[in-house]
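Examination of the molecular architecture
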Amino acid sequence: MAESAAHLDMQFENTAQQHDTRIFGMWVFLATELMLFGGMFTIYTVYRAFYPNAFAEGSRHLDLTLGSINTAVLIVSSLFMALAVHTARTSARRLPLALCLSATVGLGILFLGIKGYEYYLHYLNGEVPVLNWTYAGAQAGQVQLFFWLYFAMTGVHALHLFIGIGLVSLLTLLALLGRYKPDSYTPVEMTGLYWHFVDIIWIFLLPLLYLIAK
Amino acid sequence: MSAITLPRRETYLNANYGILSWLLTTDHKRIAVMYLVSITLMFILGGAAATMMRIELFTPASDLVDAATYNKLFTMHGIIMVFFFLVPVIPAILGNFLLPLMIGARDLAFPRLNLLSWYIYLLGAGVTLWALISGGVDTGWTFYTPYSTATPTEVITATIGVFIVGFSSILTGLNFIVTTHKLRAPGLTWFRLPIFVWSLYATSLIFVLATPVLAITLILVAVERLFHIGIFDPTLGGDPLLYQHLFWFYSHPAVYIMILPSMGVVSEIIAAFAHTRLFGYKFVAFASIAIAVLGFLVWGHHMFVSGMSLHAALMFSILSYMVAIPSAIKVFNWTATLYKGSISYDTPMLYALGFIGLFTIGGLTGLYLAALAVDVHVTDTYFVVAHFHYIMVGGAIMGYFGGLHYWWPKITGRMYSEKWGRVAAILIFIGFNATFFPQFILGFEGMPRRYAAYPPEYQFLNILSSLGAVLLGVGYILPALYLLPSLWFGKAAGANPWNATGLEWTTASPPPPNNFDKIPIVTTGPYQYPGKKETIG
Ligand SMILES: [Cu+2]
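Residues numbered from 1 in each chain as written. Chains lettered and ligands numbered in written order. Predicted model: local features only at pLDDT ≥ 70, side-chain atom pairs only at ≥ 80, totals over all residues. Heavy atoms only, no water.

What to know about the coordination of the copper ion
The textbook angles at a metal center are 109.5 degrees for a tetrahedron of four donors and 90 or 180 degrees for an octahedron of six. Residues and elements named next belong to chain B. Selection criterion: Each metal's donors are the N, O and S atoms found within 2.8 Å of it, except that Na, K and Ca use a 3.2 Å limit; water is left out, so coordination can look incomplete. Strands are runs of DSSP state E lasting at least two residues, helices are runs of H or I lasting at least four, and both sets are numbered from the N terminus onward. Relative accessibility decides the category of a residue: with a 1.4 Å probe and only protein chains considered, values under 20% of the type maximum give buried, values over 50% give exposed, and everything between is partly exposed.
Coordination of the copper ion by the protein is provided by H252 (ND1), H301 (NE2) and H302 (NE2), with metal-donor distances spanning 1.7 to 2.0 Å. Summarised as a motif, the one-chain spacing of the donors to the copper ion is H-x48-H-H. Of this pair, H252 sits in helix 8 (residues 240-274) while H302 sits in the loop between helix 9 (281-295) and helix 10 (310-340); the two residues are 50 residues apart in sequence, bridging distant segments of the chain. Residue class for H252 comes out buried when judged on its relative accessible area of 6%. What makes H302 partly exposed here is its relative accessible area of 28%.

Have a look at this one:
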C-alpha cells in the first residue's frame, strides 16, 4: 500500500468501510447530543407555557444585536468548516486546509468572546442568578427561571463550542503536519459534522431566547 | 484433583499476560470479562443491601435498623441494582463478548471507546459508592423532587455518579449500533441476524436516545440543590411533576434496556435446546423494535397518582396496554418453538423456561397496574415491588444467568458442572417465587413499600418472603462455586458443545484474539436446526 494510505484498524476490511463506520458513529453520537439538548428544550417549553409573560420580560433583557452578530459569526465559521472538509477531500495541499481550519477556530473564539461579554453585561446588570441577582420587577422568580435556563442552555452550548474549538485546533496542527489527504481525512469530516451540529443548536437557541419578547 | 490443561493454542486469554495487558486492552472479549468482574461486585453490594432489608422485615418492629437507615438501604439497593447491574449486565458483558462474534467481525467498531466505557463505569461506580458510604442517600433510586432537593443526604454525589455511568451506557449503545450496521460479515443480511443481535440493537437505541435525558435531568437536580434555583422544587417556583416526566422518560425505557437483551438470550437458548428453528423469526425481531419504540411512549403510567390530567392518564394507560402485544408475540413464538421442538433440559434451558414463566407473571401483573383504577389501589404497595421484581429480577437476571451458562464454554473454553448448574437454576426459580409471590398478596392487602416497620398481621407473609430470599441467595452464590472451579477443572468445551447454530460457535473456544481465522461468509438464515419434523417458520 502507498505510504500515504490511511492506517487501517484490524476490525475493518478496507479504508472505505473504516471511513463510513466512523462517520456513522458521529451521526449516532449527534443523536445522543440532540436528546441531551432535547431535555433542556423540553424544560424550556414547559416553563415558557407556564409563564409566557415572565419569559418575554426576561427575553427583553437580552441583547439582540450581540445575539445576531454571534449568529452571523457562527454561520460563517460553519462555512469555513465546510470549506475545510471540501479541501481535505479534494486536495493534499496543507496550507489551504490549515487556513480554513484556523479561520473556523478564530470565529469560534470570537463567538465565545462575544458571549462572554454578554454574560459580563448581565453580571453588571444584576441578571445572573446566584452570583449577582438584583432584578425586582414583576414575577421576579419566574424571570430568574428564564435567566437560569438562558445560562444553562447557552452555557452547555458554549461548552460544546469550546470542545469544538479544541478539536479544530488539533486538526489545524495535524493539517500543517500533512496528516490529511483525500484518502485519509475522516477526522476532518467527523469534526465538521460536530461543528455544524453545534451551529444548528445555536440557530434554535437564538429565537427561543432572544426573539420571544413581543 | 489436578487442573486440566487445554492444548496450547493462541486465545484471547493467553495472547499476552500481565495486568496492563488487561487494563489497556481494546479486545471486546477482554473488556467483557472485566465488565463481568466489576458488575458482579456491584451485584454483591446491591444484594447485601437487600439482605439487610429482608432481615429487618422479618419482624414487624423496626429493630435491626432504624427507619432512616432503612431508607438508605433500599436506596442503595435500588441505585446499585438498576444503574450498575441490571442496565449494563447483559449488554456490557454478553453483548460485548458476543456481538462481534455473532456478526462475524473482528471487534466492535470503536474498540477504544469500548475500553473507555468500562473506565467510565468504574468512575461512576466509585463516585456513587462514595456517596452511599460517606453518608448515604434516602430518596429511593428515583431521586424524586422536591424531596431530593430538600433531604440532607448525599444526593449531589449520587446523581453525579449516575450521570457519569450513563455515558458508559451511551458509548456502549453507540458502539453496538454502528457495529451492527457496518461490520456484518459478507452475506449476513439483517434478516439473517440472530435475535440476540436484534435485541441488542433495540436496547442500544434506548441507550443512545433516553440516557442523555436522564443525564441532563439529574444534573439539573444537583444544580438545583447547589444553587437553590427553582427548576423542580415548587417552593422555588419549579414543577416537581416535570421532574417525574423527564425521569420516567428514561426510566421506563430503562426497563426495556433490562428485559430486551434477556429476551434475546432466551430466544437463542430456546432455539438451541429445542433443536429447532425459532418460530416466527421476523415477528420476534420486529417485536424487539416495537417494544423499544412503544417503550418511549408509556412513561406516564408511573404517575397516575401524581396529579396528571385524566386524559393524559388514559392515553398512557392505553399505550401501556399496547406494549403487551409485542411482548405476548414473543412469548407465543417461544412456546410455539418449544411445541415444534424436541427439548433437552440443560442448565441454560432451565433458566430460559424460568424466564418465560416469571416474565409472563410479571407482564400480566403489569397489566393490572396499567389499569387506572387498580393502579390507584396498589400504587406504592408491595404489589408494585413484586411486579417489577418479576420483570427485572425474574426476567433480566434469569436471562443473564441463562446466557452466562449458555456462553460460558465459549467465554472460558470449559464446561461447568451440569448437575450443580441445574440445582442452582431450580433453586433460584423456587427461591424467587417464594420471595416475591407473597409480596403480591401483601401489596393487595395494602402493605406500603419503603417502610421498616409494619402492622403484625403482615408478618407471616413477610417471613415467607425473607425465607424465600435465603433460598434465592443460596441460588445466586452456587454458580460462583461451580463456575470458578470450572476454569481449572472443567472439561474442555470444544468449539460447539451445544451443537448450536450461530457464527460464535464456528470459532474456537475460547476464541482467538481476532475472533476468526478467516472472516466467515454467510449463506443461510439463523437457527438452521434440524427440527423434529420438517422446519417451519
Ligand atoms: Cu414503566
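A word on the packing of helix 6 (residues 155-182) of chain B against helix 7 (residues 195-227) of chain B
Residues and elements named next belong to chain B. Rules: Between N-to-C directions, angles cover 0 to 180 degrees, with each direction set by a line fitted to C-alpha atoms, over the stretch in contact for helices. With respect to orientation, any angle under 35 degrees is reported as roughly parallel, any angle over 145 as roughly antiparallel, any angle of 65 to 115 as roughly perpendicular, and every other angle as oblique. Take the far helix as the reference: if the near one is turned anticlockwise from it by less than a right angle, the crossing is left-handed, and if turned clockwise, right-handed. Classification convention: Asp, Glu, Lys, Arg as charged; Ala, Val, Leu, Ile, Met, Phe, Trp, Tyr, Cys, Pro as nonpolar; all other residues, Gly among them, as polar.
Look at helix 6 against helix 7: their axes get within 7 Å of each other, and the N-to-C directions meet at 155°. By the angle between their directions, the pair helix 6 and helix 7 is classed as roughly antiparallel. Regarding helix 6 and helix 7, the two cross each other, and that crossing is left-handed. Here the residues of the contact of helix 6 with helix 7 are counted per class, giving 23 nonpolar, eight polar and one charged.

Points about the side chain of D138 of chain B
All names here are of chain B. What counts, and what does not: His residues and chain termini do not enter the charge count, which takes Lys and Arg as positive and Asp and Glu as negative. Think of a salt bridge as a Lys or Arg side-chain nitrogen and an Asp or Glu carboxyl oxygen that are within 4 Å of each other. Here a polar contact is taken to be a pair of N or O atoms separated by no more than 3.5 Å, where protein atoms must pair a possible hydrogen donor with a possible acceptor and residues adjacent in sequence count only if both atoms sit in side chains. Two residues form a contact once any of their heavy atoms are found within 4.5 Å.
With respect to the helices and strands, the residue D138 is situated in the loop between helix 4 (111-134) and helix 5 (147-150). One buried charged residue, D138, forms no salt bridge at all, with the nearest opposite charge on K72 at 6.5 Å. Side chain to side chain, D138 and Y147 meet in a polar contact 2.8 Å long. A distance of 3.0 Å separates polar atoms of two side chains, one belonging to D138 and the other to T153. Every residue in contact with D138, bar those within four places of it in the chain, is listed here: N71, K72, T75, Y147, T151 and T153.

Section: the nonpolar core
All names here are of chain B. In plain terms, the rule: Definition used in this section: a nonpolar core is a set of buried Ala, Val, Leu, Ile, Met, Phe, Trp, Tyr and Cys residues joined via side-chain atoms within 4.5 Å.
Ranked by internal contacts, the top residues of the largest apolar core, which has 238 residues, are F83, L94, Y400, Y406 and W407. In terms of residue count, helix 8 provides more of this core than any other element does, 24 residues in total. In contact with Y400, not counting residues within four places along its chain, are L36, F85, V89, I90, I93, L94 and S262. By size, the runner-up hydrophobic cluster in this structure holds 15 residues, among which are V65, L73, V385 and A452.

Description of the packing of aromatic side chains
Residue and element names in this part refer to chain A. What counts, and what does not: Pairing of aromatic rings covers Phe, Tyr and the six-membered ring of Trp, with a centre-to-centre limit of 6.5 Å; geometry is then stacked below 30 degrees between planes, edge-to-face above 60, and tilted otherwise.
By the definition in use, this model includes 61 aromatic pairs over all chains. A centroid spacing of 6.3 Å and a plane angle of 80° characterise the contact between Y119 and Y150, whose relative ring orientation is edge-to-face. Taken as a pair, Y119 in helix 4 (residues 94-124) and Y150 in helix 5 (residues 140-176) lie far apart in primary sequence, 31 residues in all. With a relative accessible area of 0%, Y150 lands in the buried category. On the basis of an interplanar angle of 80° and a centroid distance of 6.1 Å, the ring pair of F147 and Y150 is categorised as edge-to-face. Here F147 and its partner Y150 are both found in helix 5, three residues apart, which amounts to about one turn of the helix. Residue F147 is classed as buried on the basis of its relative accessible area of 1%. Among the aromatic residues, those joined into a cluster by ring pairs are Y44, F55, F111, Y119, W133, Y135, F146, F147, Y150, F151, W202 and Y210.

Structural notes on the confidence of the model for chain B
Residues and elements named next belong to chain B. As a reminder of what qualifies: On a range of 0 to 100, pLDDT expresses the predictor's confidence in each residue.
Chain-level statistics for chain B give a pLDDT mean of 93 and a share of 97% at 70 or above. Contacts for the low-pLDDT stretch residues 533-537, under 50 throughout, to residues beyond four places or in other chains number seven contacts. Predicted as a complex, the structure gets a pTM of 0.94 and an ipTM equal to 0.92.

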